[in-house]
Amino acid sequence: EAGVTQFPSHSVIEKGQTVTLRCDPISGHDNLYWYRRVMGKEIKFLLHFVKESKQDESGMPNNRFLAERTGGTYSTLKVQPAELEDSGVYFCASSQDPRSTRKKNIQYFGAGTRLSVL
Amino acid sequence: AQKVTQAQTEISVVEKEDVTLDCVYETRDTTYYLFWYKQPPSGELVFLIRRNSFDEQNEISGRYSWNFQKSTSSFNFTITASQVVDSAVYFCALSEAWSNTGNQFYFGTGTSLTVIP
């Protein structure tokens, strides 16, 4: 079974440009999460999808960040325009429906996208 | 508010030594989950263990063991007879337990473990 896949693995852009990160969750996982780790700090929650709906977006830093999950499969996270402080590693995670499995609340993570804004 | 503290930023040990990674958490929830993840150089976070707040039994899995103490709000992780392959960043995390739709994780800042051959 394929794990969580994220593209690209590394992106270097200039301040003011736009970048789109993509996440393919584990097949059949309804829950999809985005997190971010700024260098040396904790991994912080950004938002949570249940299928195609945003369940919780309390961690989104500002309106320069837009996340979508059309069709409830893969998700994209767009940063427009990017600022220097957006640099970090963006992780995606997915989990099964917690109501239907004993493995509820276990999130499976991808390798992240390292974003460098210059 | 939920918070996870991993006070050890970096640890170096010589191969075959035992090492304990500390994790202290804060939460007002009565039921919650605690997790440990390993991040090897390849980058992905690998799930190691989930512990329910109701279950204070310590767990052992091969060279890995976990000591959960609710009285001190700690969930420490010990690697016995460390190996070079154990070199990685280890994250402790906390989430609420009861939700119909899943919950966000609260992570610590991670502990970077280097095992020297």
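Here the structure is shown first, and the text comes after it.
*Asks:* Teacher, can you tell me more about the overall build of chain B here?
*Replies:* Looking only at helices and strands, chain B has zero helices and twelve strands in total. Listing every helix and strand of chain B by position from the N terminus yields β-β-β-β-β-β-β-β-β-β-β-β. Compactness check: chain B gives a C-alpha radius of gyration of 14 Å against a globular reference of 13 Å for 117 residues, within 12% of the reference. Each principal axis of the C-alpha atoms in chain B carries an extent, and together these give about 45 × 30 × 25 Å. Classification of the 117 residues of chain B by burial places 47% in the buried group. In the structure as shown, chain B presents an accessible area of about 5,500 Å², 48% of it carried by carbon and sulfur atoms.

*Asks:* Sorry if this is basic, but what is going on with the nonpolar core here?
*Replies:* Across soluble globular proteins, you tend to see nonpolar side chains buried next to one another. Within the largest apolar cluster, 23 residues are counted, with the highest numbers of intra-cluster contacts made by Trp36, Phe77, Tyr90 and Leu113 of chain B. Counting residues per element, the ones that place at least two in this core are strand E2 (10-14), strand E3 (19-21), strand E5 (32-39), strand E8 (64-69), strand E9 (74-79), strand E10 (88-96) and strand E12 (111-116) of chain B. Sort the elements by how many residues they give to this core and E10 of chain B lands first, with four residues. Not counting the four nearest positions on each side in its chain, leucine 113 of chain B is found in contact with Ile11, Val13, Val19, Ile79, Asp86, Ser87, Ala88 and Tyr90 of chain B. With 21 residues, the next largest nonpolar core counts Val4, Leu47, Phe49 and Ala82 of chain A among its residues.

*Asks:* Sorry if this is basic, but what is going on with the state of the cysteines here?
*Replies:* Covalently bonding the sulfur atom of one cysteine to the sulfur atom of another cysteine gives a disulfide. All names here are of chain A. Counted by the stated rule, this structure contains two disulfides over all chains. Two residues share a disulfide in this structure: cysteine 23 and cysteine 92, whose sulfurs sit 1.8 Å from each other. Sign of the S-S torsion, about -65° for the bond between cysteine 23 and cysteine 92, identifies this disulfide as left-handed. Highlighted residues: cysteine 23 in strand E3 (residues 19-24) and cysteine 92 in strand E9 (residues 88-95), separated in sequence by 69 residues. Cysteine 23 gets classed as buried once you look at its relative accessible area, which sits at 0%. Taking relative accessible area as the criterion, cysteine 92 reaches 0% and is therefore assigned buried.

*Asks:* Could you clarify how one ought to interpret the interface of chain B and chain A in this entry?
*Replies:* Interface size is commonly expressed as the accessible surface area that is lost when the partners come together. Every contact between the two is made by 25 residues of chain B and, on the other side, 27 residues of chain A. Taken together, the two surfaces of chain B and chain A that pack against each other cover about 2,000 Å², and 55% of this comes from carbon and sulfur. At the boundary of chain B and chain A, one finds zero salt bridges. Along the contact surface separating chain B from chain A lie four residue pairs in polar contact (both at pLDDT 80 or more). No other element matches the four residues that E5 of chain B contributes to the side of chain B that touches chain A. Class assignment for the residues of the side of chain B that touches chain A results in ten nonpolar, twelve polar and three charged.

*Asks:* Explain the environment of lysine 16 of chain B to me, please; I cannot follow it from the model alone.
*Replies:* Residues and elements named next belong to chain B. Note that lysine 16 resides in the loop between E2 and E3. The exposure class of lysine 16 is exposed, given its relative accessible area of 69%. Sequence separation of lysine 16 and threonine 72 is 56 residues, and the distance between their C-alpha atoms is 29 Å. With residues near it in sequence (within four places) discarded, lysine 16 still touches Ala81 and Ser82.

*Asks:* What should I look at first to understand the side chain of glutamine 107 of chain A in this one?
*Replies:* Among the secondary structure elements, glutamine 107 of chain A is positioned in the loop between E9 and strand E10 (108-109). In this view, glutamine 107 of chain A contacts Tyr33, Tyr35, Ala93, Ser94 and Ser95 of chain A together with Tyr37, Asn103, Gln104 and Phe105 of chain B; residues no more than four positions away in its chain are not counted.

Rules and cut-offs
- Residues numbered from 1 in each chain as written.
- Chains lettered and ligands numbered in written order.
- Predicted model: local features only at pLDDT ≥ 70, side-chain atom pairs only at ≥ 80, totals over all residues.
- Heavy atoms only, no water.
- Helix = DSSP H or I, 4+ residues; strand = E, 2+ residues; numbered from the N terminus.
- Rg over C-alpha atoms; globule rule 2.2 N^0.38 Å.
- Buried < 20%, exposed > 50% of the residue type's maximum accessible area, 1.4 Å probe, protein only.
- Areas by Shrake-Rupley, 256 points an atom, 1.4 Å probe, with all protein chains shown as cover.
- Core = buried A, V, L, I, M, F, W, Y, C linked by side-chain atoms within 4.5 Å.
- Contact = heavy atoms within 4.5 Å.
- Disulfide = S-S within 2.5 Å.
- Buried area = accessible area lost by both parts, 1.4 Å probe.
- Salt bridge = Lys/Arg side-chain N within 4 Å of Asp/Glu carboxyl O.
- Polar contact = N/O pair within 3.5 Å; in protein donor to acceptor, adjacent residues only side chain to side chain.
- Nonpolar A, V, L, I, M, F, W, Y, C, P; charged D, E, K, R; others polar.

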